[in-house]
Amino acid sequence: MDMQNFKTREKAAMAEPKIIARDVNVYYGQSQALKSIELDIAANEVTALIGPSGCGKSTFLRCINRMNDVIESCRVEGRITLEGIDIYNSGLDPVLLRARVGMVFQKPNPFPKSIYDNIAYGPRLHGIASGKDELEATVESSLRRAGLWEEVKDRLDSPGTGLSGGQQQRLCIARAIAVNPEVILMDEPCSALDPIATAKIEELIDELRENFTIVIVTHSMQQAARVSQKTAFFHLGELVEVGETDKLFTSPEDQRTQGYITGRFG
Amino acid sequence: MELNPPLEIDKALLKKRNAAETRFKLYGLAAVLTAVLVLGLLLTSIVSKGYTAFEQTYILLDVRLDQATIDPKGTGRQEDLAAASYRGILRDALKEQFPEAESRNEKRSLYGLVGSAAEYDLRNAVLENPKLVGTTATIAVKASDDVDSYIKGFIPRDVPQSDRKIKDQELGWLDTLEADDRVIKKFNIDFFTHADSREPEEAGILGAVIGSLYTLAITLALCFPIGVLTAIYLEEFAPRNRWTDIIEVNINNLAAVPSIVFGLLGLAIFLNFFGLPRSAPLVGGMVLALMTLPTIIIASRAALKAVPPSIREAALGMGASRMQTVFHHVFPLAMPGILTGTILGMAQALGETAPLLMIGMVAFIADIPGSINDAATVLPVQIFLWADSPERGFVEKTSAAIMVLLAFLVVMNAIAVLLRKRFERRW
């Protein structure tokens, strides 16, 4: 048993993984989208899910907050636990789950309401803030944590849809953290943004890691390398390889990972 | 210069393509112009035929209002004043004006110069100003519909007397009256305050307007909630399976069912089975609601479908339940489209005649309906009834009623636009 392996084990023993997926199979009608996924996601880390289009990484992401429930033909088997609670089989209401597991989508999708109402929606919905002052404080702190406060503090009443793409995405992140979730899922959050806006979001993700567990799906391997501590490589519905980001990108164990990160396919 | 030859070839092709484009533009322009022209023609025809209905001819008569005939007891109370026989007074005034009318026939045509309800004009004038009693006053009384038509120029003088509604003798009297400036035209307020009548000069549109309003209120109250809830359920909650497919196909088919079929349904179910009152706006509204439902459901579903799925995902991702997602986000965003669909459906219902014929709303109703259970008629049916009447005076009333109907449609569309603007601003 070499030293590094020992260290990893020690770390795992110290902190129980936030999310544990065991034998997760997902079917869309007859076709199987995910095959027996086994994945641990550590708390206060950024885990990147990479892989070619259609490999199932977004599907897996959506399993974590049960967004797949909305799709009629979708069927999830297996066990995913969030801090030991089975999110599919323990009678947990998906509404409560989604309050603990926030999500940021590929395309910025602020509600066509004011910036203030966008942020205040979650706290109002879950009855988190009591009273107007507390709600205002929540809105401000969420916007500050998302690095948007300075840019929008004078126009909280103007529509969220009037912001630029990058600002909109940060607004969506602020909206997600306003309910103080434990996990934030991000589904290619920068794919619709320009490089400067992308850089800001990546910086933000790094800051948020302190308080949240983040799972990010990305098409950009550079992004995965920049923001994540762990990377999981999905291919054709299988989880091929998962490990420390540095290690996965420098010395992948699997041929397919090697092929993908060197740009031979994908 | 190897590039040039293909460019040369392209030039010919380009010319052809440009010509085709210009031609297509011209076709489009021609189509638009034709449509505008036809619409303009229609409107001009309606307005030019109908505007005269907003005026009514009155005849000024010197009426001797003797205390002895009107108020023999001299009480001066309104009831006593109202009870007097103004018809006799009016006839005396006419006889005094034209003493040459002696025979029974002559007298009858003399009395026919004024409308059959002209005595009420006189009575109202007295009730308004009781001081007139005991004096000889010049009172304006409504002319009969034939006189009205003649004064407005619809009855030509130069045809043989037998083909004319106004005979030579009456022409002579009217000429004398006109020479004395005793024939005047006033704004026809009665057209907007009276219900239907057999006498064109007494007939008004208010009964039909109120009937239409009651009917549409019932229609809206029934089909808006049912239609919108159906659309929301089918679009947002219902699973996709054979049953929902069947329902969807049937809704689409119902939208294409001829409206008279809904009238038959109303007759069989609402009148015969449930025994609801005949000719009532209640039943009319229910029948029209059946007819309008598919339109509203289809329009609402389209509006709901047009709301981007990303909004639903955003709300669900925030932990909103499906119902919260729909009512906090999707429904408000679809509201403008739903309202447009609803108002279009209501406009269709406003103009509908056929189904109402089946449930007896085609009857001649001389009263303004006071509730949704009273016998009533609606605007399009009123137009149909007047268009069907033989009297010359109803021709202009028909066009005027069409104008009123069009005005209602314009107002409804304006409301639709306003509501849409209002809801859009909230985003």
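Residues numbered from 1 in each chain as written. Chains lettered and ligands numbered in written order. Predicted model: local features only at pLDDT ≥ 70, side-chain atom pairs only at ≥ 80, totals over all residues. Heavy atoms only, no water.

Trainee: Any chance you could explain the overall build of chain A here in plain terms?
Mentor: Counting secondary structure elements, chain A contains 11 helices and 10 strands. Relative to the globule expectation of 18 Å for 266 residues, the C-alpha radius of gyration of chain A, 19 Å, shows essentially globular dimensions. Seen along its three principal axes, the alpha-carbon backbone of chain A occupies a region of about 55 × 40 × 40 Å. Sequence-distant contacts, at least 24 apart, represent 66% of the contacts inside chain A between residues at least 6 apart. Summed over its atoms, the accessible surface of chain A is roughly 12100 Å², and 49% of this surface lies on carbon and sulfur atoms. One way to put it: in chain A the 30 positive side-chain charges average out to a point 2 Å from where the 37 negative ones average out. (Helix = DSSP H or I, 4+ residues; strand = E, 2+ residues; numbered from the N terminus. Rg over C-alpha atoms; globule rule 2.2 N^0.38 Å. Contact = heavy atoms within 4.5 Å. Areas by Shrake-Rupley, 256 points an atom, 1.4 Å probe, with all protein chains shown as cover. Lys, Arg positive; Asp, Glu negative; His and termini not counted. Charge placed at Lys NZ, Arg CZ, Asp CG, Glu CD.)

Trainee: Explain the domain arrangement of chain B to me, please; I cannot follow it from the model alone.
Mentor: Interface size, as often reported, equals the accessible area lost upon joining of the parts. All names here are of chain B. Parsing chain B into structural domains produces domain 1 (56-186) and domain 2 (206-425). Spacing between the C-alpha centres of domain 1 and domain 2 amounts to 47 Å. Around 420 Å² of area is buried between domain 1 and domain 2 when both sides are counted, 44% of it from carbon and sulfur atoms. In terms of surface lost to domain 2, no three residues of domain 1 exceed D145, S149 and F154, which account for 68% of the buried area on that side. Our count for the contact surface shared by domain 1 and domain 2 stands at 1 salt bridge. (Domains from an automatic or database assignment. Buried area = accessible area lost by both parts, 1.4 Å probe. Salt bridge = Lys/Arg side-chain N within 4 Å of Asp/Glu carboxyl O.)

Trainee: Teacher, can you tell me more about the interface of chain B and chain A here?
Mentor: On the chain A side, the residues contacting the 20 residues of chain B number 24 residues. Both sides together, the interface formed by chain B and chain A hides about 1800 Å², and carbon and sulfur atoms give 62% of it. The interface formed by chain B and chain A includes 1 salt bridge. Here chain B and chain A share 6 residue pairs in polar contact (both at pLDDT 80 or more) between them. Secondary-structure elements contributing two or more residues to the side of chain B that touches chain A are α14 (309-317) and α15 (322-350) of chain B. Sorting elements by how many residues they give to the side of chain B that touches chain A places α14 of chain B first, with 7 residues. A breakdown of the residues in the side of chain B that touches chain A according to their chemical character gives 10 nonpolar, 7 polar and 3 charged. (Polar contact = N/O pair within 3.5 Å; in protein donor to acceptor, adjacent residues only side chain to side chain. Nonpolar A, V, L, I, M, F, W, Y, C, P; charged D, E, K, R; others polar.)

Trainee: Just to check I follow, could you spell out the sheet that holds strand β2 (residues 136-142) of chain B for this structure?
Mentor: The strands that make up a sheet are held in pairs by hydrogen bonds between backbone atoms, and each pair lies either parallel or antiparallel. Residue and element names in this part refer to chain B. Taken in spatial order, the 3 strands of this open sheet run β2-β1-β3, and their pairing is antiparallel. Two strands in the sheet have a free side with no partner beyond their single neighbour: β2 and β3 (183-187). Along the sheet, successive strands turn relative to each other by an average axial angle of 40°, direction set aside. Bridge count for strand β1 (residues 55-64) against β2 is 7 bridges, and the pairing is antiparallel. Paired with D62 across the strands is T138, a residue of β2. Helix α4 (residues 86-97) contacts β1 and β2 of the sheet and is inclined by roughly 85° relative to β1. In the packing of helix α6 (residues 118-128) onto the sheet, the strands contacted are β1 and β2, and the crossing angle to β2 comes to about 135°. (Pairing = 2+ DSSP bridges. Axes fitted to C-alpha atoms, helices over the stretch in contact; angles between N-to-C directions.)

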